[in-house]
Amino acid sequence: MPFDNKPFRLRRTFLQEEILKLKSQRRAIILSHNYQRDEVQEIADFVGDSLELSRTAATIDCDVILFAGVTFMAESASILSPDKMVLLTEIDAICPMADMIKDFTLRDMKNRYSGIPVVAYVNTTADVKAESDICCTSANVVKVVESLPDERVICIPDKNLALWAARNTKKEVIAWDGFCHVHDRVRPEDVKKARAEHPKALFMAHPECRLEVLEMADHVTSTSGMLRFAKASSEKEFIVGTEIGLMYRLRKENPDKVFYPLREDMVCPEMKKTTLRSLLRALKENNYLIKIPEEIRVPAKRALDRMLMLR
Ligand code: 13P
Ligand code: SF4
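The model shown is predicted, which means the values in this text are computed figures rather than measured ones.

Conventions and cut-offs
Residues numbered from 1 in each chain as written. Chains lettered and ligands numbered in written order. Predicted model: local features only at pLDDT ≥ 70, side-chain atom pairs only at ≥ 80, totals over all residues. Heavy atoms only, no water. Helix = DSSP H or I, 4+ residues; strand = E, 2+ residues; numbered from the N terminus. Rg over C-alpha atoms; globule rule 2.2 N^0.38 Å. Buried < 20%, exposed > 50% of the residue type's maximum accessible area, 1.4 Å probe, protein only. Contact = heavy atoms within 4.5 Å. Near = heavy atom within 4 Å. Polar contact = N/O pair within 3.5 Å; in protein donor to acceptor, adjacent residues only side chain to side chain. Nonpolar A, V, L, I, M, F, W, Y, C, P; charged D, E, K, R; others polar. Axes fitted to C-alpha atoms, helices over the stretch in contact; angles between N-to-C directions. Parallel < 35°, antiparallel > 145°, perpendicular 65-115°, else oblique. Left-handed = near helix turned anticlockwise from the far one by under 90°. Pairing = 2+ DSSP bridges. Salt bridge = Lys/Arg side-chain N within 4 Å of Asp/Glu carboxyl O. Core = buried A, V, L, I, M, F, W, Y, C linked by side-chain atoms within 4.5 Å. Phe/Tyr/Trp six-rings, centres within 6.5 Å; stacked < 30°, edge-to-face > 60°.

Enquirer: Hey, could you run me through the overall build of the protein chain in this one?
Expert: Assigned secondary structure in the protein chain consists of 15 helices and 12 strands. Here the C-alpha atoms of the protein chain give a radius of gyration of 19 Å, agreeing with the 19 Å that 2.2 N^0.38 yields for 311 residues. With the C-alpha coordinates aligned to their principal axes, the bounding extent of the protein chain is approximately 55 × 50 × 30 Å. In the protein chain, buried positions account for 57% of the 311 residues. Taking all contacts inside the protein chain whose residues are at least 6 apart in sequence as the whole, residues at least 24 apart take part in 64%.

Enquirer: Explain the site of ligand 1 here, please?
Expert: In the vicinity of ligand 1 lie 13 residues, with His33, Ser50, Ser138, His206 and Thr223 positioned nearest. The contact in question runs from an oxygen atom of ligand 1 to an N or O atom on the side chain of Asn123, over 3.4 Å. In the shell around ligand 1, the residues fall into 4 nonpolar, 7 polar and 2 charged.

Enquirer: Help me out: how do you make sense of the site of ligand 2 in this one?
Expert: Ligand 2 sits among Tyr35, Cys95, Pro96, Met97, Asn123, Cys180, Glu208, Cys268 and Met271. Residue composition of the shell around ligand 2, by class: 7 nonpolar, 1 polar and 1 charged.

Enquirer: What is the right way to look at the packing of helix H12 (residues 223-232) against helix H13 (residues 246-253) in this model?
Expert: Each packed pair of helices is defined by two parameters, the angle between the axes and the distance between the axes. Close contact between H12 and H13 brings their axes to 10 Å; oriented N to C, the two are set at 20 degrees. Relative to H13, H12 is oriented roughly parallel. Remark: the crossing between H12 and H13 carries right-handed chirality. Two secondary-structure elements touch here, H12 through Thr223, Ser224, Met226, Leu227, Ala230 and Lys231 and H13 through Leu246, Arg249, Leu250 and Glu253. The class makeup of the residues in the contact of H12 with H13 is 5 nonpolar, 2 polar and 3 charged.

Enquirer: Mind showing me how you'd approach the sheet that holds strand S6 (residues 134-136) here?
Expert: Hydrogen bonds along the backbone pair up the strands of a sheet, which may run parallel or antiparallel. Strands sit in the order S6-S5-S7-S8 across an open sheet of 4 strands; the sheet is parallel. Edge positions in the open sheet fall to S6 and strand S8 (172-175), since each of these has one partner strand only. In this sheet, adjacent strand axes meet at a mean angle of 30 degrees when their direction is disregarded. Helix-sheet contacts for helix H5 (residues 103-112) involve strand S5 (118-121), strand S7 (152-156) and S8, and the interaxial angle to S7 is about 165 degrees.

Enquirer: Any chance you could explain the pattern of salt bridges here in plain terms?
Expert: Side-chain pairs of opposite charge can arise where the charged atoms are in close proximity. Tallying each qualifying case throughout the model produces 27 salt bridges. For Arg228, the salt bridge is made with Glu52, and the minimal N-O distance between the two is 3.3 Å. With Arg228 in helix H12 and Glu52 in helix H3 (residues 50-59), this pair connects stretches of sequence that are 176 residues apart. Glu52 gets classed as partly exposed once you look at its relative accessible area, which sits at 23%. Notably, a salt bridge pairs Asp190 with Arg263, separated by 3.1 Å at the nearest N-O pair.

Enquirer: Even after reading the chapter, I still don't get the sheet that holds strand S10 (residues 219-220), so can you show me in this structure?
Expert: Judged by pairing direction, the sheet is parallel, and its 4 strands sit side by side in the order S10-S9-S11-S12 without closing on themselves. The open sheet terminates on both sides in strands that have one partner only, identified here as S10 and strand S12 (258-261). Taken together, the 4 bridges between strand S11 (residues 237-241) and S12 define a ladder with parallel strand orientation. The residue bridging Val240 from the neighbouring strand is Pro261, located in S12.

Enquirer: What is the right way to read the nonpolar core from this model?
Expert: Nonpolar side chains tend toward joint burial in soluble globular proteins. Counting residues in hydrophobic clusters, the biggest one holds 69 residues, and the most contacted among them are Leu31, Phe67, Val119, Val141, Phe203, Leu262 and Met307. Apart from the residues within four sequence positions on either side, Val141 is in contact with Cys136, Cys155, Leu161, Trp164 and Ala165. Of all hydrophobic cores here, the second largest spans 18 residues; its members include Ala28, Ala68, Leu280 and Leu283.

Enquirer: What am I meant to see in the packing of aromatic side chains here?
Expert: Two aromatic rings are characterised by how far apart their centres lie and by the angle between their planes. In total, this model carries 2 aromatic pairs according to the counting rule given. Aromatic side chains Phe229 and Phe238 sit 6.4 Å apart centroid to centroid with 80 degrees between the ring planes, which places their arrangement in the edge-to-face category. Here Phe238 falls in the buried class, since its relative accessible area comes to 0%. Pairing Phe238 with Phe259 gives two aromatic rings, centres 5.3 Å apart and planes at 20 degrees, and the pair type is stacked. In this pair, Phe238 sits in strand S11 while Phe259 sits in strand S12, placing the two residues 21 residues apart along the sequence. Exposure class is identical for Phe238 and Phe259. Each is buried. Three or more aromatic residues joined by ring pairs form one cluster here, namely Phe229, Phe238 and Phe259.

Enquirer: In this structure, what is going on with the environment of Glu285? I would like to understand it.
Expert: Within the element layout of this structure, Glu285 appears in helix H14 (residues 276-285). The spatial distance from the C-alpha of Glu285 to the C-alpha of Leu310 is 37 Å, given a sequence separation of 25 residues.

Structural data, given as structure tokens:
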């Protein structure tokens, strides 16, 4: 059965109007990740993947950046734009994978593998970025690893992303044991089942999935990479191997195409913590302010800038 394409709301709700009014009074910009709730994405100034959000946060003209996402995203915005007020809608919206590695455990690893550069996925805390040589996202991990002159690199914290980088470069990639519980739960049987149910559909997978799943995909890419791939494709049906929040834009931007979630339970509870109410409260009360101490911000910015300089 085709995925139930629910209609898009044409009129804004009262709460959405309130947020937009306050937002323009405060010269605020709302940045939203592609996994946010539909109604949050609807009123954001910019919705994107982690790489696009970092680039936008570094260049945007405003007084306040209001982040609808998880902690590491607002931290990156604050690292890149220290003169702006950066607010995160829900302070306990964390990425569990980012918390799987700490700065002191990374220092131990660096001592063990002395001289080998560290590539930190943006899904890390500011302290960990400060200990790293360069950042990467799901959109550019291969390019980042290739950009380094070294034959061996350390790739943290996602073991699946590290394996994907190793599979696509000639480098030796030393991985940490972290993972995203939303993507890591996918098994090859899920792909076989979805393909049997939708034999004409192309399968797109996020590189946070296991390698055995990625090897079954027609295309492996970031969330916004999936949007570009689906838009450019002449095919009409797609199985979506990432968090279901992406379905909103996929369906909205491609009304003539059909999208099936790989698994209905690919839901990140942390990304869903932000609601319209929390956006409004954040703007009214300046909660929650994200500010990174300079001794962490400066080295963390170096790692982010090095990634952003790659084209
Ligand atoms: P991207 O949108 O950069 O692909 O990231 C996925 C993710 O899990 C962010 O938390
Ligand atoms: Fe972290 Fe995975 Fe949620 Fe992204 S989807 S915020 S990687 S737990």
